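Commentary on secondary and tertiary structure
Spelled out, the chains give:
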Amino acid sequence: MVTAGMAPRQALAQVEERLAAAGCPDADFDARELFRLAAGRDPHLSDHPLSPDEAGRLEQVTARRAGREPLQYICGRWPFLNFTLAVGPGVLCPRADTEVVAETAIQMLEGVQNPKVLDLCAGTGCLGLGVKAFRPDAAVTCLEKSPEALRYLRENARCALAGLPEQTQPAVQVEEGDLFTRWETLPPGGLDLIVSNPPYLTAQEMTELQPETAREPAMALAAGRDGLDFYRAIAVHYRAALRPGGALVLEIGWQQRQAVTDLLAAAGWTDIGCRQDYAGNDRCVTARA
Ligand SMILES: C[S@@+](CC[C@H](N)C(=O)[O-])C[C@H]1O[C@@H](n2cnc3c(N)ncnc32)[C@H](O)[C@@H]1O
């Protein structure tokens, strides 16, 4: 139990031990984040004993994390590229692996002025906002179906990039809609880039989730029996919405490269490639219309 008067390092060691005992994968990192959240200071840079308020807050957030609530939900905000997103129950936590997808999308827009961009399955908006953060001249629309996720997306569209230079507000347009039907009303050839991190878990993977992932919305994860339902729809229906040579950038699961490549090739996409994330796993499939 964390109590008032404890030295920061003593409290930190105790929190870490409890998180490790609860099976949290990165107990040392999480303990430091929780300490910062509860006390507003770094446990390694301060010797000041915990006040009763700080100890109470740290005890509370430690219990939540030991119950395997995602760290991002407890913090309520999470960094992505050079900005910070609002995050919480009802929306997928932005992952560090997804930064590679945003970086790839930004690179694929090099040389295109005032690009028109669509982020399908936007969640917090990390991808669409990631493009906008580095390409203020882009017109970005973020499409999302879940009403819970849309609450975070709208807030992030208003606030996440507010401190960055050259940004207009709202940073991106938010649209409530369904990937499986939105293509029907998109004007042909109107877009320069489609970026998406759609749900991609198989039915089997949905039965084997880590406790933290099981707290995230199933709608953000489940993609049919083979995990490919969303890629199939994108491959078949969204090429016509891009101008000839327009770019597609998709996050994939680490074992999905071949299956997604095959779907895109069969639907007539060209220049199909793949990028790895910083752990060396296949993470991002790219193609041209
Ligand atoms: C894997 S999450 C990705 C969220 C965000 N792009 C990211 O990278 O963190 C997929 C998102 O797709 C949304 N979604 C699920 N089905 C959808 C559909 N039919 N149409 C549009 N969005 C959908 C989910 O609510 C969720 O926010």
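All residue numbers refer to position in the chain's written sequence, counted from 1. Only residues with pLDDT of 70 or above have their local features reported here, since the model is predicted, and side-chain atom pairs are shown and tallied only from 80 upward, although totals for entire chains, interfaces and linings are computed over all residues.

**Considering the overall build of the protein**
Threshold: Strands are runs of DSSP state E lasting at least 2 residues, helices are runs of H or I lasting at least 4, and numbering of each runs from the N terminus. What the globule rule says is 2.2 Å times the number of residues to the power 0.38, and the radius of gyration is computed from C-alpha atoms. In this scheme the burial state of a residue depends on its C-beta neighbours within 10 Å: 20 or more other such atoms mean buried, 12 or fewer mean exposed, and anything in between means partly exposed; the C-beta positions come from the backbone. In this description, any two residues whose backbone-derived C-beta atoms lie within 7 Å of each other are considered to be in contact.
Helix and strand counts for the protein stand at twelve helices and nine strands. Relative to the 2.2 N^0.38 estimate, which gives 19 Å for 289 residues, the radius of gyration of the protein is 21 Å and therefore close to what a compact globule would have. Taking the principal axes of the C-alpha coordinates as reference, the protein spans close to 65 × 45 × 35 Å. Taken over 289 residues, the protein has a buried fraction of 42%. Taking all contacts inside the protein whose residues are at least 6 apart in sequence as the whole, residues at least 24 apart take part in 66%.

**Brief notes about the site of the ligand**
The test is simple: All residues are tested the same way: a C-beta atom is placed from the backbone, and lying within 6 Å of a molecule or strand makes the residue near it. Under the convention adopted here, Pro, Cys and the residues Ala, Val, Leu, Ile, Met, Phe, Trp and Tyr are nonpolar, Asp, Glu, Lys and Arg are charged, and Gly plus all remaining residues are polar.
Near the ligand there are 22 residues, and of these C121, G123, K145, S146 and N197 occur at the shortest range. Put simply, the parts of the chain that give the shell around the ligand at least two residues each are helix 6 (126–134), strand 4 (139–144) and helix 8 (179–182). Broken down by class, the residue content of the shell around the ligand amounts to 14 nonpolar, five polar and three charged.

**Notes on the environment of H44**
Relative to the assigned elements, H44 resides in the loop between helix 2 (27–39) and helix 3 (52–66). Distance from H44 to P8, taken between C-alpha atoms, is 7.6 Å for residues 36 residues apart in sequence.

**Quick look at the packing of helix 2 against helix 3**
Rules: For helices, the fitted axis covers only the stretch in contact; all axes are lines through C-alpha atoms, and the angles between them, taken along N-to-C directions, range from 0 to 180 degrees. Should an angle lie under 35 degrees it is considered roughly parallel, over 145 roughly antiparallel, and from 65 to 115 roughly perpendicular; all remaining angles are considered oblique. Left-handed describes a crossing whose near helix is turned anticlockwise from the far helix by less than a right angle; the clockwise case is right-handed.
Helix 3 packs onto helix 2 with a crossing angle of 140° between their chain directions and a minimal axis gap of 8 Å. Taken as axis vectors, helix 2 and helix 3 run oblique relative to one another. Here the hand of the crossing between helix 2 and helix 3 comes out right-handed. Contacts between helix 2 and helix 3 involve D30, L34, F35, L37, A38 and A39 from the first element and E54, R57, L58, V61, T62 and R65 from the second. Taken together, the residues of the contact of helix 2 with helix 3 break down into seven nonpolar, one polar and four charged.

**Looking at the nonpolar core**
For clarity, the threshold we go by: The term nonpolar core refers to a set of buried Ala, Val, Leu, Ile, Met, Phe, Trp, Tyr and Cys residues connected through C-beta atoms within 7 Å.
Formed by 68 residues in total, the largest nonpolar core has its most connected members in A105, V131, L193, I194, V195, V249 and L250. It is helix 5 (residues 98–108) that contributes the most residues to this core, six residues altogether. Residues within four places of V195 in sequence aside, it is in contact with V101, A105, V117, D119, L127, V131 and V249.

**Notes on the sheet that holds strand 7 (residues 242–251)**
Filter applied, for reference: Pairing between strands is defined by DSSP: at least two bridges between the two strands are required.
If you trace the seven strands from one edge of the open sheet to the other, you get 5-4-3-6-7-9-8, paired in mixed fashion. Two strands close off the open sheet at either side, each with one partner strand: strand 5 (173–176) and strand 8 (270–276). For this sheet, the mean inter-axis angle between neighbouring strands, taken without regard to orientation, is 20°. Examined bridge by bridge, strand 7 and strand 9 (residues 282–288) share five bridges and lie antiparallel to one another. The partner of L248 across the bridge, within strand 9, is A287.

**Some points on the domain arrangement of the protein**
Worth spelling out the cut-off: In this document the domain limits rely on a domain assignment from an automatic tool or a database.
The assigned domain composition of the protein is domain 1 (8–68) and domain 2 (78–288). For domain 1 versus domain 2, the distance between C-alpha centres works out to 33 Å.

**Looking at unusual backbone geometry**
Of the consecutive residues Q169 and P170, the connecting peptide bond is found in the cis state with omega at -5°. One non-glycine residue, N114, lies in positive phi territory at about 45°.

**Section: the packing of helix 5 against helix 6**
The geometry of helix 5 relative to helix 6 is characterised by a closest axis approach of 9 Å and an angle of 45° between their N-to-C directions. The angle between helix 5 and helix 6 falls in the class oblique. Crossing geometry of helix 5 relative to helix 6 is assigned as right-handed. Across from T98, V101, A102, A105 and I106 in helix 5, the residues of helix 6 making contact are C126, L127, G130, V131 and F134. In the contact of helix 5 with helix 6, the residues fall into eight nonpolar, two polar and no charged.

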